[in-house]
Amino acid sequence: MLLRDAGFLFVAVIFYISGVNGGETRICALKGSSVDLHCSHQHLTSSRKWFTIDWDGYKYVQSELSVDGQRVTYNMSEEKNPTLTINDLRESDANAYCCMKTTDSPQHCWLNRISLQVVAELQVKVIPATEGQTVTLMCSSSCPLTEKPAAYIWYKNREFLYEDWSPWYQELLSSEEAVTYSCAVKGYEDLRAPEVSVGVQDKNCSAVNYVSRRICALEGSSVNITSEYSHPDNMKPEFKCWSKKWRKDKVEVEELIEAAGRVEYQDNMKNQHILTINNLKKNDSGGYTFRFNKDHEGWTQSDLPGVFLIVTELRVKMSPSAVVTEGQRVTLTCSTSCPLTDNTNYIWYLNSRPLTLRENQNKHLILDPVSREDAGSYSCAVKTNKDISSAPKTLTVQSITGILILAAAGVSAALLLLTPLTFFFLRR
């Protein structure tokens, strides 16, 4: 009996230590669609209810959610997974939700909230082109949809045109006749984006476009930000410049980027102007815009936002953790805060010595099963014009024998604690 109770106590301590704290979950869904909100509470029971929660600047304000049985429903088919389903989403459904007992504090509700954003409608963004060039279209939303669409559907002059998993679509412009485009998410074809008219741009007009609109690059590497521009033959630009925008103390700041030091300007014969930044630093992140003019009058720039540059670093992540037991499967990932724009080849090091990777291992290094010989300091690098490495991270591999000894020690400690108590109660 004592041994059994000690075992229960030991297991209980382990579960207590490994408890998981809650946190905010963000969900973005399309107006008119349906969404499921899953209870995030650590100890789930069917007695929990759903509330909306807000902070008015002085206190938390929570209200129990009313259920109509049709549009807003509770799914209690599984006692340990109370789910809130909202059908035919409306903009008014955008709110912070939480699943809790009525006795829980509003602060607890706020810390475990699910923030729901509702996209009013899809939008077609157009990157214009001149005749004979490719026009680029993007089916976008005000926030990234949480449930990735199975496919995007494109319409041209209200007729089905194309279906693909990517939100981007390109088409060659070959006539002066304007056409209309629209897009939708598969499964919600009736929720189409408003139509936009796309026509051939006059070759006698000044215009600016960008080759890539979002670039992710490594700290310490070099990057080329390329613009394409057109202008009338009699308006050849004499002044060209790049500027950078970023937020400082919640205020948007813009500054001129001069060609000096790490920064270079390049012009070529294809009406491309390239901004090159060498030895990238974290504070180089921001939005970059190209402008040109003649005689310092009437600066020309794109109506669309410029190029957004994110400068990231390499980090080694270990799953399930950095301390494991031999025989487990361990995955090491060479991680960045954004997907790198260029095709990337990764190099792995153990204790500063390069590793030979198995087939299909590049960004991920899998040790299955892991052994004590795999323990050590791991780092990863990306091969560019110079190798850029991550900071090292140590993997500790414990032996199974050591774990068993530790468990036995825990049970023994529990026995030592319970034996005097049992003797005391028996004497009474």
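Residues numbered from 1 in each chain as written. Predicted model: local features only at pLDDT ≥ 70, side-chain atom pairs only at ≥ 80, totals over all residues. Heavy atoms only, no water.

It is not clear to me how the sheet that holds strand β22 (residues 272-277) should be interpreted in this structure. Could you clarify?
The strands making up a sheet associate through backbone hydrogen bonding, with each pair oriented either parallel or antiparallel. With respect to topology, four strands assemble into an open sheet ordered β16-β18-β22-β21, the strand pairing being antiparallel. Among the strands making up the open sheet, the edge pair consists of β16 (207-210) and β21 (263-267). On average, each strand axis in the sheet is tilted by 20° relative to the strand beside it, whichever way the strands run. Relative to strand β18 (residues 223-230), β16 runs antiparallel, the two being bridged by four bridges. Within the sheet, the bridge partner assigned to alanine 207 lies in β18 and is serine 230. (Pairing = 2+ DSSP bridges. Helix = DSSP H or I, 4+ residues; strand = E, 2+ residues; numbered from the N terminus. Axes fitted to C-alpha atoms, helices over the stretch in contact; angles between N-to-C directions.)

I keep staring at the packing of aromatic side chains and nothing clicks. Help me out?
Where two aromatic rings form a pair, the distance of their centres and the angle of their planes describe that pair. By the definition in use, this model includes five aromatic pairs. Judged by centre distance (6.2 Å) and plane angle (35°), the ring pair of phenylalanine 290 and phenylalanine 292 falls under tilted. In terms of burial, phenylalanine 290 and phenylalanine 292 fall into one category: buried. A network of ring pairs unites the aromatic residues Trp154, Tyr162, Tyr169 and Tyr181 as a single cluster. Sitting above the plane of the tryptophan 110 ring, arginine 113 keeps its charged end 3.9 Å from the centroid. For the cation-ring pair, lysine 244 lies above tryptophan 246, with the distance from its terminal atom to the ring centre recorded as 5.1 Å. (Phe/Tyr/Trp six-rings, centres within 6.5 Å; stacked < 30°, edge-to-face > 60°. Buried < 20%, exposed > 50% of the residue type's maximum accessible area, 1.4 Å probe, protein only. Lys NZ or Arg CZ within 6 Å of the ring centre and 35° of its normal.)

Sorry if this is basic, but what is going on with the nonpolar core here?
The nonpolar side chains of a soluble globular protein tend to be buried, and buried together. Formed by 24 residues in total, the largest nonpolar core has its most connected members in Leu332, Leu367, Tyr378 and Leu395. At the level of elements, β17 (214-218), β26 (315-319), β28 (330-335), β29 (346-350), β31 (364-367), β32 (376-383) and β34 (393-398) are the ones that each hand at least two residues to this core. The contacts of leucine 395, once residues within four sequence positions are left out, are Met318, Ser321, Ala322, Val324, Val330, Leu367, Val370, Asp374, Ala375, Gly376 and Tyr378. (Core = buried A, V, L, I, M, F, W, Y, C linked by side-chain atoms within 4.5 Å. Contact = heavy atoms within 4.5 Å.)

Can you help me understand the environment of proline 369 in this one?
Along the chain, the position of proline 369 falls in the loop between β31 and β32. Put simply, proline 369 and glutamine 328 are 41 residues apart on the chain and 5.3 Å apart in space, counted from C-alpha to C-alpha. With residues up to four places along the chain from it excluded, the contact list for proline 369 reads Gly327, Gln328 and Asp374.

Looking at this structure, how should I read unusual backbone geometry?
Glycine aside, the phi torsion of most residues is negative, and most peptide linkages are trans. Residue proline 320 is bonded to the preceding serine 319 through a cis peptide linkage, with omega at 15°. Its place among the elements puts proline 320 in the loop between β26 and β27 (323-325). Look at the link from aspartate 368 to proline 369: it is a cis peptide, with omega at 0°. Within the chain, asparagine 157 stands out as a residue other than glycine whose phi angle is a positive 50°. Position of asparagine 157 among the secondary structure elements: in the loop between β11 (152-156) and β12 (159-164).

Quick question: what am I supposed to make of the environment of glycine 286 here?
Tracing the chain through its elements places glycine 286 in strand β23 (residues 286-294). Placed 21 residues apart in sequence, glycine 286 and valine 307 show a C-alpha to C-alpha distance of 8.3 Å. If we ignore the near neighbours within four places in the chain, the residues touching glycine 286 are Lys244, Lys245, Val307, Phe308 and Leu309.

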